[in-house]
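This is what each chain is made of:
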Amino acid sequence: MFGIFDIIMLILIRRHHCTRCDRVFWAPPIHSGAEICIGRECYICVCGNRYETGRREWTRLSRREKRQYLWSGLLMIPLVTTVLAATGGYFLKWHEPYWFMSVFIGFLGLLSGLNCSGALLVIRGLPVMTSLRRTRHSAPGLSSAAT
């Protein structure tokens, strides 16, 4: 039942009506946050009405914004999981030299942190790849919003 509710909410959130011709089109909800959101900058209805999404294409971001979008928080995840796992391993006291369990479980924490960071990098990379694919035939200074 929960999966069906998610699908219904997704349909309701992404379904928009044109203010001029009242046609229905599918678009992500307007992004109004301060963080960078990658995606199509606008949708144009068949009547010519322009719908701004608040997102930005990858090619229109500066080098600093690109770096911030991809790498923010990725290096902190392995560091935090390693420190927490090493601390927990030290207090387990399963093995006589307590530092051994601390190092061993800390290493496992590092591996799990790297796994999480890799998955997050892939998730962040998917909108970048679709944005690059969408804008590969357009001029660098122009937006490809005519679809």
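Look a little higher up for the structure.
Right, let's walk through the structure included here. What you are looking at is a predicted structure, and each value in this text was computed from that prediction instead of being measured.

What counts as what
Residues numbered from 1 in each chain as written. Predicted model: local features only at pLDDT ≥ 70, side-chain atom pairs only at ≥ 80, totals over all residues. Heavy atoms only, no water. Helix = DSSP H or I, 4+ residues; strand = E, 2+ residues; numbered from the N terminus. Buried < 20%, exposed > 50% of the residue type's maximum accessible area, 1.4 Å probe, protein only. Areas by Shrake-Rupley, 256 points an atom, 1.4 Å probe, with all protein chains shown as cover. Arc of directions from axis to C-beta. Contact = heavy atoms within 4.5 Å. Core = buried A, V, L, I, M, F, W, Y, C linked by side-chain atoms within 4.5 Å. Polar contact = N/O pair within 3.5 Å; in protein donor to acceptor, adjacent residues only side chain to side chain. Axes fitted to C-alpha atoms, helices over the stretch in contact; angles between N-to-C directions. Parallel < 35°, antiparallel > 145°, perpendicular 65-115°, else oblique. Nonpolar A, V, L, I, M, F, W, Y, C, P; charged D, E, K, R; others polar.

## Section: the overall build of the protein chain
Here is step 1 of the chain: The secondary structure content of the protein chain amounts to four helices and four strands.
Here is step 2 of the chain: Along the protein chain, helices (α) and strands (β) appear in the sequence α-β-β-β-β-α-α-α when read from the amino end.
Here is step 3 of the chain: In the protein chain, which comprises 147 residues, the share counted as buried stands at 30%.
Here is step 4 of the chain: Per element, the accessible surface of the protein chain, about 10400 Å² overall, is 67% carbon and sulfur.

## Regarding helix α2 (residues 63-71)
Here is step 1 of the chain: All of the buried residues in α2 are E65, Y69 and L70. Within α2, the buried residues cover an arc of 125 degrees as seen down the axis, which keeps them to one side. Set apart from the buried face of α2 by more than 90 degrees, the exposed residues are R63 and R64.
Here is step 2 of the chain: In this structure, the buried residues of α2 make contact with α4 (98-134).
Here is step 3 of the chain: One or two positions beyond α2, positive phi appears at G73, with a value near 85 degrees.

## Some details on unusual backbone geometry
Here is step 1 of the chain: One non-glycine residue, D22, lies in the positive phi region at around 65 degrees.
Here is step 2 of the chain: Tracing the backbone shows D22 in the loop between β1 (15-17) and β2 (24-26).
Here is step 3 of the chain: Judged by relative accessible area, D22 falls into the exposed class, the value being 56%.

## Thoughts on the nonpolar core
Nonpolar side chains in soluble globular proteins tend to be buried together.
Here is step 1 of the chain: Counting seven residues, the largest nonpolar core is built from I36, I38, W58, L61, Y69, L70 and V128.
Here is step 2 of the chain: Among residues more than four places away in sequence, those in contact with V128 are I38, W58 and Y69.
Here is step 3 of the chain: Counting residues in hydrophobic clusters, the runner-up holds six residues, among them C18, Y43, C45 and Y51.

## Some points on the side chain of E57
Here is step 1 of the chain: Within the secondary structure, E57 sits in the loop between β4 (50-52) and α2.
Here is step 2 of the chain: Reaching out from E57, the side chain makes a polar contact with the side chain of R134 at a distance of 2.9 Å.

## Some details on the packing of α2 against α4
Here is step 1 of the chain: Packing of α2 against α4 brings their axes to within 9 Å, and their N-to-C directions diverge by 140 degrees. Our classification of the angle between α2 and α4 gives oblique. Within the contact between the two elements, α2 uses Y69, L70 and W71 and α4 uses L121, R124, P127 and V128.
Here is step 2 of the chain: Looking at the contact of α2 with α4 residue by residue, the classes come out as six nonpolar, no polar and one charged.

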